[in-house]
Amino acid sequence: MEDEKRDTVKKQKGSAAAGQGLKVVFSLAIGALAGILSIWVMGVRNIKEMKFGIFLISYGLVIFGLIVWILLHTILHEAGHLVCGLLSGYRYCSFRIGRFTLAKYPDGMKIKRFSIPGTVGQCLMAPPPYNDGSFPYKFYLLGGFTMNLICAAVLFAAFLLMGSGSFAGRMLAAGGAMALYLGIVNAVPAKSDIPNDGYQIFMLGRSTEERRAFWESLEFNARLQQGTRIRELEKDWEAFDNEVLVSQCEGMKGLTGLTMRYNYLLDTERFAEAEDLCQRLLKKGVSVDLYRKLFLGEALYLELLLHGRAEEIERLATKEVMGFLKMTAAVMPSSARTLYAYEKLFRQEEKELARAERQFADAVKNYPVSGELAQEQMLVEKVDEMYLQRQEKKE
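Rules used in this analysis
Residues numbered from 1 in each chain as written. Predicted model: local features only at pLDDT ≥ 70, side-chain atom pairs only at ≥ 80, totals over all residues. Heavy atoms only, no water. Patch = residues over 30% accessible without salt bridge, like charges linked within 9 Å, V, L, I, M, F, W, Y side chains within 5 Å. Areas by Shrake-Rupley, 256 points an atom, 1.4 Å probe, with all protein chains shown as cover. Salt bridge = Lys/Arg side-chain N within 4 Å of Asp/Glu carboxyl O. Lys, Arg positive; Asp, Glu negative; His and termini not counted. Charge placed at Lys NZ, Arg CZ, Asp CG, Glu CD. Helix = DSSP H or I, 4+ residues; strand = E, 2+ residues; numbered from the N terminus. Expected span 1.5 Å × (residues − 1). Buried < 20%, exposed > 50% of the residue type's maximum accessible area, 1.4 Å probe, protein only. Phe/Tyr/Trp six-rings, centres within 6.5 Å; stacked < 30°, edge-to-face > 60°. Lys NZ or Arg CZ within 6 Å of the ring centre and 35° of its normal. Axes fitted to C-alpha atoms, helices over the stretch in contact; angles between N-to-C directions. Parallel < 35°, antiparallel > 145°, perpendicular 65-115°, else oblique. Left-handed = near helix turned anticlockwise from the far one by under 90°. Contact = heavy atoms within 4.5 Å. Nonpolar A, V, L, I, M, F, W, Y, C, P; charged D, E, K, R; others polar.

1. What about a positive patch on the surface?
Reasoning step 1: Together, K326, K351, R355 and R358 make up a positively charged patch on the protein surface.
Reasoning step 2: Ranked by residue count, the leading element in the positive patch is helix α16 (residues 350-366), at three residues.
Reasoning step 3: Examined against the element boundaries, R355 turns out to sit in helix α16.

And the structure:
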């Protein structure tokens, strides 16, 4: 049994590590670019004449300016998707910068709090109708790259007007270089934890199945935000059993579809099937680190709810899993729900339980996807019901 558990952990770590290669390359490349640009902006002659302390301060300020450029261009990249999406017939759903989301509902626009670890922003839109095996997706996906190119052109033009002798001009050119780099990185097809825009265009162009799956994910996410529960979505959830789904799960597309079925099983209170799906996926290994942590958290919740075995709870409640749950509890109701279950059904410390209750209430209040909230509240009620049942058995 212990050997099997070790093998499972190795598979999970190996799958997660497999998706980190491009991240490392991206980090090294952008770090090298930032270093070169910083030296160029400051000027080699100027650096030679600087005292070491002044050099460190100047270098730090230039690096800070480049970080600001990266954040700004990332936001503008998402704005490009928004503009090109609207021009392609998409409907606005929400636009996120950091943790703040401006979401559209039937009763108007509202500011909500939500974030995805490792991302700066996100634009969510409802797609045009799906007809004859396709829908307009190329211009929408190229919107971010297009915006980055426009920004780069404007900044380089401003640099030419101001001249290379100006510090401000060189900072503008550095900003243009960052915009161009980010645009190219998103446009050249590259498969990583989260496929870039270029890779998505490449995959969607290959098959009707890929296009249908992508359209469904956009359409379903839009409807969930507006208040539709996942069990109410028109989809043949029983088309594949858990074993087939897990065996066919590869990359983001497979994980997105599998996660939708998992949430459908939760929403219809088929918890044993949900646990089976979760365990099969974790045993196979999850290449996308964010999804791996999400499903490890779900495995902990289901163990707490269905069995309550102390040894298994302690095995699942690792430092990594608990750290992820605590880090995301403020913006993800599912993480707050699992922490609540952990405190209510296992630790039972009043102070921490009260804190978990408040976290869940805050997460629900600020979460932008209305259709998931009723499900999450139901799952918390199941925790309360199980607590009462176990208390009655003790008596």
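Back to the text.
2. Focus on helix α8 (residues 208-225)
Reasoning step 1: For α8, built from 18 residues, the straight-helix expectation of 26 Å at 1.5 Å per residue is met to within 8% by its first-to-last C-alpha distance of 26 Å.
Reasoning step 2: Along α8, the residues classified as buried are E210, R211, F214, W215, E216, S217, L218, E219, F220, A222, L224 and Q225.
Reasoning step 3: At the C-terminal side of α8, G227 shows a positive phi close to 120°.

3. Quick look at the packing of aromatic side chains
Reasoning step 1: Summed over all chains, the structure comprises nine aromatic pairs.
Reasoning step 2: Taking the centre distance of 6.0 Å and the plane angle of 50° together, the rings of F135 and Y137 count as tilted. As far as burial versus exposure is concerned, F135 and Y137 are alike and both buried.
Reasoning step 3: Look at W237 and Y264: their rings are 4.9 Å apart centre to centre, the planes differ by 10°, and that puts the pair in the stacked class. With W237 in the loop between α8 and α9 (242-248) and Y264 in helix α10 (residues 251-267), the pair connects residues that are 27 residues apart, well separated along the chain. Across the pair, exposure class does not vary: W237 and Y264 are buried alike.
Reasoning step 4: Over the ring of Y301 we find R337, and its NZ or CZ is 4.5 Å from the ring centre.
Reasoning step 5: Its end group placed over the ring of Y387, K344 keeps NZ or CZ at 4.7 Å from the ring centre.

4. Observations regarding the packing of helix α4 (residues 52-87) against helix α6 (residues 167-187)
Reasoning step 1: Contact geometry of α4 with α6 gives a least axis separation of 9 Å together with a crossing angle of 45°. One finds that α4 runs oblique with respect to α6. α6 is crossed by α4, and the crossing has right-handed handedness. Note on element contacts: α6 touches α4 through F167, M171, L172, A174, G175, M178, A179, L182 and N186, opposite V62, G65, L66, W69, I70, H73, T74 and H77.
Reasoning step 2: Of the residues that constitute the contact of α4 with α6, the class distribution is eleven nonpolar, six polar and no charged.

5. Details of the pattern of salt bridges
Oppositely charged side chains may form a pair once their charged atoms are brought near each other.
Reasoning step 1: The tally for this structure, following the rule as stated, stands at 21 salt bridges.
Reasoning step 2: E216 is paired through a salt bridge with R212; the nearest N and O atoms lie 3.5 Å apart. Residue E216 and its partner R212 are located together in helix α8, separated by four residues, close to a single helical turn.
Reasoning step 3: Close ionic contact of D384 with K344 constitutes a salt bridge, the shortest N to O distance being 3.8 Å. With D384 in helix α17 (residues 370-394) and K344 in helix α15 (residues 333-347), the pair connects residues that are 40 residues apart, well separated along the chain.
Reasoning step 4: Given the relative accessible area of 16%, K344 is considered buried.

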